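# Close look at the chain arrangement
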Amino acid sequence: MAEQEGLEFGKADFVLLDNLTIEEFLENLKLRFDKNRIYTYIGEVVISVNPYQQIDLYGRDMIEYYRGRELYERPPHLYAIADSAYKAMKRRAKDTCIVISGESGAGKTEASKYIMQYIAAITNPSQRVEVESVKNTLLKSNCVLEAFGNAKTNRNDNSSRFGKYMDINFDFKGDPTGGHINNYLLEKSRVIVQQGGERNFHSFYQECERSAKLSWLLMLKLIVGGSDDLLKSLYLQRDAAEYAFTKDGAAVNSVINDKENFKAVMNAMKVIGFSEEEIDTIYKILAIILHLGNLMFITENDTASISNSSLVSHIAEIAMTEPGTVTKTLLHRTVATGGGDVIEKGHTVQEAAYGRDAFAKAIYERLFCWIVNRINSVIEEKDYDPRIHGKNTVIGVLDIYGFEIFENNSFEQFCINYCNEKLQQLFIELILRQEQAEYQREGITWQHIEYFNNQIIVDLVEQPHKGIIAILDEACMNVGKVTDAILVDTMDSKLGKHAHYTSRKLSPTERNMEFSKHFRIKHYAGQVTYSVEGFIDKNKDTLYQDFKRLMYNSSNPVLKDMWPEGKLSITEVTKRPLTAATLFRSSMIALVVNLECKEPYYVRCIKPNDQKSPVIFDYERCRHQVEYLGLLENVRVRRAGFAYRLPYERFLLRYKMICEYTWPNHLMTTDLEATRIIIDQHGFQQDVAYGKTKLFIRTPQTLFGLESVRAGTIPFIVLFLQKIWRGTLARRRCRGMKAVYKIMSYYKTFKVKAYLIEVMRRFQNVRSMKDYGKSVTWPTPPTVLVKFEENMKYLFRRWRARQIVKNIPPSDMPQIKVKIAAMDALSGRRKDWGVQRTWEQDYLSSARDNPGMTAQFATAMKGLKCKEQFSSVLFSAHVRKVNRFNKCEDRAILITDQHLYKLEPAKRYKSMKALPLNQVTGVSVTNGRDQLIIFHTKTNDDLVICLDKMQRGNDNRIGEVVGVLTNHFNKSKLPLQVNVCNPIHCNMRGKNRTVVVEERIEQTLPDFKKNHTGFTLYWPGI
């Protein structure tokens, strides 16, 4: 049961149909076909409907989806059957087989390919080279056998015209180690004649791409392809219509890509191991067959002769034999008499044509069998010893023709339908045997199941001395002319009372049969009317011994190897060869014996329509196939006792949620008791039986009832599980977040401690350092301590400053404060502002800076102090300034704690002008080495001066002036703006002026010069 498919796709197992009728069976089949569900189960049998389109049901992902799963765990599929067969082989060391049957065009060949691909994909996980080689050879063999054994028919573009059974050998690890292929009943008559709309075998049409790098030239498409030189060497023309054996199929359209298929065949032959000589011989044989078909016979002097004898030379050259021998073999027959004499009998035209056609068919059949044996020689196990390599197990894959009913049914259809009778008999017997074995194993009472036993039909065909094959063989052995009509009369007399045999003579009212021409067998799949025309000739399958000797005496070793019996002389060949029907019966009996000892798995293929359409479902066409495949019979056998069975463990896994005593887990002693509680609670106890390991359910309604209850319970369970799961996820997320925050907290603490310990380590000796830790690098703080680090650095700077200040004499403190004020104002804005030198501030009182005039300045200072009552002198020095006439003059300035005075040095430092400090709004200096300074006032009459008469070099007093003013204004809590720029804008007597500084090397003293916007201070350059 396919648990993953909904009811909208129909019943995935025909056993679960409510009413077992052909109509309901077909309706379910059509519904699944329309939904692209091409696979359906009957218990453990897969029904496969040809979709006639590409469906995404295969590939690596799908292989993994089915790998290792039980049959009922996934929707129906070929992969499920292949996996079941492989598991049975590997787990229980049981030989298994997969039987694929169905009519032409139903998809048997494709099904066998997918099964082989699945087995190849799931084996050899260790990629052993020798195993990979075996796998590749097994897979490639399909391609080669299709080329030489398949043909386009009216029903199928790639119809297998032979039956194939392949054994794949596995070692104890489950890896393929070899294999063997058996072929059955190749339709060799197709070589010489095809029905309308059909073609000869693919091998006669496949193209080749001739590569200049290849030394072997016979990689060709016979007739249609190949290089001109190559075709000429084989005496072939490019038009297939020129040859009698292929002209009927030359104009037939086919979807088969002969060119691409030829490349695949060549690659497959190379992988398998065909030599260049062998491939050369293969296509030479095809050329011989084509030439044979064009031989024409005429009567000359009451004997047959060849009208186009040039072809004989071509055949002899290609076959590497003598032209005379070829001619003699075609026109004469050598016969040994009872006394040991050898006589030569000439053919009539009809006998020569018969011999030619028989020869062409025999050559192709020998070629095909040789190819199969050549592949077997490569893939068969070599040097296998069970004591060393372990037990060998086998999976067999049988791809066999299905039941055939045509308008004209001949000997081939008779053999094919006999084969299907044998397989149907085996199928029913094995299914019943499996059912009975399982019932006995589980302790369930076995009830006899009524079914149609087709043994009576099998006996009709194969029974010794009484069956149709025996009568046919007797007709072939009789001396004298036994016609097909006599054969029908003989069967009528011997089989007339058989319930499944009739003819026109026995049933005169059956007007669709002709007297002495038709007979009818009532097969399990329906009645089939056979035409006996050609039965005796096809059964004799006569090939004159002369042809065998001709091929054996060829100089081509490969061709010679195909005809080993040709080495016998005519006098040694006395035993009559077995007939075609007897050989086929023996091969079928051997096949059935082989299958009986294996655990079988079945794939039944159905063709939905004859138009090869993916949307047409032909009811009558499908009804016929369902009947002759015995599918309804299969379902009846399967559900005659109990329709469905499941191990207790699996049953509980699926249905335990529908009972409160078993959900989520039961507390009973065994799974059987828990299963019984579920069945009893829902009232199904009258429709089930309890085995040792499995529960058996009698009717599908019980199963559907369980499924219905389960379907109603699932939504509540889903909601419950969702609730539990969401709560679990939330709690897990909460615990995770708590853990994260706890870890973060510990980590932060660790980082903080580590940072503080590192700071302590680095700064523990800063008291003893000369720079008090200025050179110590601060460690990188964690993010949480970035603000803390800023505060730490601020405190450290305060501490370091305190340590430095403690060592400064009290007398130097005023100067230090002034320098600090200057630094705050100019640091980073003016490069040189005199911080390194000692600031004397009152330079006019210094004998060093003002020699000879200090007394005059002292006198002037005394008068000003008495007059203005200032407390201290902040700064005094000589300057140069611009007067009212825009001329440059020497002056001096005096800055006290109250005023800024402009003094006249030439008049004993007479005060020329006093500017209250509270009128000063700011000062401006440049960023260069010059000593220009401008005092900005509230009255818009700024004082522009340049400090003068200083010591050369580093005697820079700009910072000193700015420092004393800034310090004083800070103490007075007055604003003072300090500007650093070049040029400097100012106001002089209410007018805007611009002062620019320009350095000149030749300049000795600073000097102001007027320009069009203001003044230029020429400063001595270095």
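Predicted model, so just to flag it, every value in this text is computed and none were measured.

## A look at the overall build of the protein
Regarding its fold elements, the protein presents 30 helices and 31 strands. Sorting the 1022 residues of the protein into buried and exposed places 52% on the buried side. A fraction of 63% describes how many contacts in the protein between residues 6 or more apart in sequence connect residues 24 or more apart. Per element, the accessible surface of the protein, about 49100 Å² overall, is 52% carbon and sulfur.

## As for the packing of helix H14 (residues 411-442) against helix H21 (residues 580-596)
The interhelical angle for the contact between H14 and H21, taken along N-to-C directions, is 20 degrees, at an axis separation of 11 Å. With respect to H21, the element H14 is oriented roughly parallel. In this structure, H14 meets H21 at a crossing whose hand is right-handed. From H14, Phe-411, Cys-415, Tyr-418, Cys-419, Lys-422, Leu-423, Leu-426, Glu-429, Leu-430 and Arg-433 reach across to H21, where they touch Ala-580, Ala-581, Phe-584, Arg-585, Met-588, Ile-589, Val-592, Leu-595 and Glu-596. Class assignment for the residues of the contact of H14 with H21 results in 14 nonpolar, no polar and five charged.

## Focus: the packing of aromatic side chains
In this structure the tally under the stated criterion is 34 aromatic pairs. Relative to Phe-617, the ring of Phe-33 lies with its centre 5.9 Å away and its plane at 45 degrees, an arrangement referred to as tilted. Here Phe-33 is found in helix H1 (residues 22-34), whereas its partner Phe-617 is found in the loop between strand E16 (599-606) and helix H22 (619-628), with 584 residues between them in sequence. As far as the burial class goes, Phe-33 and Phe-617 line up, both buried. Consider the rings of Tyr-86 and Phe-170, whose centres lie 5.9 Å apart with planes at 70 degrees: the pair is edge-to-face. With Tyr-86 in helix H3 (residues 78-92) and Phe-170 in strand E6 (residues 163-170), this residue pair connects regions lying 84 residues apart in the sequence. We note that Tyr-86, like Phe-170, is buried. Joined through ring pairs, the aromatic side chains of Tyr-58, Tyr-65, Tyr-66, Tyr-79, Tyr-114 and Tyr-118 make up one cluster. One Lys or Arg, Lys-560, reaches over the ring of Tyr-552 and ends 4.8 Å from the middle of that ring. Here the basic side chain of Arg-676 rests over the ring of Tyr-690, its NZ or CZ set 4.2 Å away from the ring centre.

## Thoughts on the nonpolar core
In this structure, Phe-148, Tyr-364 and Ile-371 are the most contacted members of the largest nonpolar core, which totals 111 residues. The element contributing the most residues to this core is helix H12 (residues 349-379), with 14 residues. Those residues within four positions of Tyr-364 in sequence are excluded, and the remaining contacts are Ala-147, Phe-148, Leu-186, Val-191, Phe-201, Ser-203, Phe-204, Leu-286 and Ile-289. Ranked by size, the runner-up nonpolar core spans 75 residues in total, among them Phe-427, Ile-468, Leu-495 and Ile-521.

## Regarding the sheet that holds strand E29 (residues 991-1000)
With mixed pairing, the four strands of this open sheet are ordered in space as E28-E29-E31-E30. Each of the sheet's edge strands pairs with one partner strand only, and the pair in question is strand E28 (984-988) and strand E30 (1007-1010). On average, each strand axis in the sheet is inclined to that of its neighbour by 35 degrees, with strand direction left out of account. Taken together, the four bridges between E30 and strand E31 (residues 1014-1020) define a ladder with antiparallel strand orientation. Its bridge partner lying in E31, Lys-1009 is registered against Thr-1016.

## Focus: the side chain of Glu-421
With respect to the helices and strands, the residue Glu-421 is situated in helix H14. Although buried, Glu-421 forms no salt bridge, and the nearest oppositely charged side chain, Lys-422, lies 10 Å from it. Aside from chain neighbours lying at most four places away, what touches Glu-421 is Asn-454, Ile-457, Val-458, His-523 and Tyr-524.

## Quick word on the sheet that holds strand E17 (residues 644-647)
Overall, antiparallel pairing links the three strands, which are arranged E17-E19-E18 in an open sheet. The open sheet is flanked by E17 and strand E18 (688-690), the only strands paired with a single partner. Taken pair by pair, the neighbouring strands of this sheet meet at an average axis angle of 20 degrees, ignoring direction. Across three bridges, E18 lies against strand E19 (residues 694-697) in antiparallel orientation. Each residue of the ladder has a partner; that of Val-688, found in E19, is Ile-697. Helix-sheet contacts for helix H25 (residues 671-681) involve E18 and E19, and the interaxial angle to E18 is about 165 degrees.

## Side note on the environment of Tyr-66
Here Tyr-66 lies in helix H2 (residues 60-66). Under the relative-accessibility criterion, Tyr-66 is labelled buried at 4%. Residues Tyr-66 and Thr-123, 57 residues apart in the sequence, show an inter-C-alpha distance of 14 Å. Setting aside residues no more than four positions away along its own chain, Tyr-66 makes contact with Arg-74, Pro-75, Pro-76, His-77, Tyr-79, Ala-80, Asp-83 and Tyr-118.

## Things to note about the packing of helix H26 (residues 700-763) against helix H27 (residues 786-806)
At a minimum axis separation of 13 Å, H26 and H27 run at an interaxial angle of 20 degrees. Of the possible angle classes, the one that applies to H26 and H27 is roughly parallel. Crossing geometry of H26 relative to H27 is assigned as right-handed. Here H26 contributes Tyr-755, Leu-756, Val-759 and Phe-763 to the contact with H27, which in turn contributes Phe-788, Glu-789, Met-792 and Phe-796. When grouped by side-chain class, the residues that make up the contact of H26 with H27 number seven nonpolar, no polar and one charged.

## A closer look at H14
Given a rise of 1.5 Å per residue, 32 residues ought to cover 46 Å, and the 47 Å separating the end C-alpha atoms of H14 matches this to within 8%. Within H14, 25 of the 32 residues are buried, which leaves the element mostly enclosed by the surrounding structure. Directly after H14, the chain includes Gly-443, whose backbone phi takes a positive value near 80 degrees.

## Remarks on the pairing of strand E14 (residues 518-523)
The element E14 is largely enclosed, with a buried count of five among its six residues. Of the pairings in the sheet, the one linking strand E13 (residues 501-503) to E14 comprises three bridges and is antiparallel in character. Paired with Thr-502 across the bridge in E14 is Arg-520. The loop that links E14 with its antiparallel partner strand E15 (residues 526-531) comprises two residues.

## A look at unusual backbone geometry
In this structure, Pro-664 follows Trp-663 across a cis peptide bond, with omega equal to 0 degrees. Here the residue pair Asn-982 and Pro-983 is connected by a cis peptide bond, since its omega of 5 degrees sits within 30 degrees of zero. Mapped onto the fold, Pro-983 is located in the loop between strand E27 (977-980) and E28. The phi dihedral of Arg-989 falls on the positive side, at around 55 degrees, and the residue is not glycine. With respect to the secondary-structure elements, Arg-989 resides in the loop between E28 and E29.

## Brief notes about a nonpolar patch on the surface
On the surface, a cluster of nonpolar side chains totalling about 370 Å² of accessible area is made up of Met-737, Val-740, Tyr-741 and Met-744. If you trace the backbone, Met-737 turns up in helix H26.

## Some points on the side chain of Lys-188
Among the secondary structure elements, Lys-188 is positioned in the loop between strand E7 (176-184) and helix H6 (228-233). For Lys-188, the contacting residues outside a window of four places in its chain are Lys-361, Glu-365 and Asp-541.

## So, the environment of Met-861
Tracing the backbone shows Met-861 in helix H29 (residues 854-868). Among the residues examined, Met-861 registers a relative accessible area of 13% and is labelled buried. Note: C-alpha distance between Met-861 and Ala-352 (509 residues apart in sequence) is 159 Å. When residues no more than four places from it in sequence are discounted, the contact partners of Met-861 are Phe-870, Val-873 and Leu-894.

## Details of the state of the cysteines
Here a disulfide denotes a covalent bond joining the sulfur atom of one cysteine to the sulfur atom of another. Applying the stated rule across the entire model yields zero disulfides. This cysteine, Cys-419, is not joined by any disulfide, and Cys-415 carries the nearest cysteine sulfur, 9.5 Å off. For the unlinked cysteine Cys-986, the closest cysteine sulfur is that of Cys-981, found at 10.0 Å.

## Thoughts on the environment of Phe-403
With respect to the helices and strands, the residue Phe-403 is situated in the loop between strand E12 (393-399) and H14. Separated by 226 residues in the primary sequence, Phe-403 and Leu-629 have C-alpha atoms spaced 7.8 Å apart. Not counting residues within four places of it along the chain, the set of residues in contact with Phe-403 comprises Glu-103, Asn-417, Asn-420, His-523, Tyr-524, Ala-525, Val-528 and Tyr-628.

## Side note on the pairing of E27
Alternating positions in E27 separate cleanly, Val-978 and Val-980 being buried on one face and Gln-977 and Asn-979 remaining unburied on the opposite face. Where strand E24 (residues 920-925) meets E27, four bridges bridge the pair, whose relative direction is parallel. Of the residues in E27, the one forming a bridge with Val-925 is Val-980.

Here is what the cut-offs are and how they apply
- Residues numbered from 1 in each chain as written.
- Predicted model: local features only at pLDDT ≥ 70, side-chain atom pairs only at ≥ 80, totals over all residues.
- Heavy atoms only, no water.
- Helix = DSSP H or I, 4+ residues; strand = E, 2+ residues; numbered from the N terminus.
- Buried < 20%, exposed > 50% of the residue type's maximum accessible area, 1.4 Å probe, protein only.
- Contact = heavy atoms within 4.5 Å.
- Areas by Shrake-Rupley, 256 points an atom, 1.4 Å probe, with all protein chains shown as cover.
- Axes fitted to C-alpha atoms, helices over the stretch in contact; angles between N-to-C directions.
- Parallel < 35°, antiparallel > 145°, perpendicular 65-115°, else oblique.
- Left-handed = near helix turned anticlockwise from the far one by under 90°.
- Nonpolar A, V, L, I, M, F, W, Y, C, P; charged D, E, K, R; others polar.
- Phe/Tyr/Trp six-rings, centres within 6.5 Å; stacked < 30°, edge-to-face > 60°.
- Lys NZ or Arg CZ within 6 Å of the ring centre and 35° of its normal.
- Core = buried A, V, L, I, M, F, W, Y, C linked by side-chain atoms within 4.5 Å.
- Pairing = 2+ DSSP bridges.
- Lys, Arg positive; Asp, Glu negative; His and termini not counted.
- Salt bridge = Lys/Arg side-chain N within 4 Å of Asp/Glu carboxyl O.
- Expected span 1.5 Å × (residues − 1).
- Patch = residues over 30% accessible without salt bridge, like charges linked within 9 Å, V, L, I, M, F, W, Y side chains within 5 Å.
- Disulfide = S-S within 2.5 Å.

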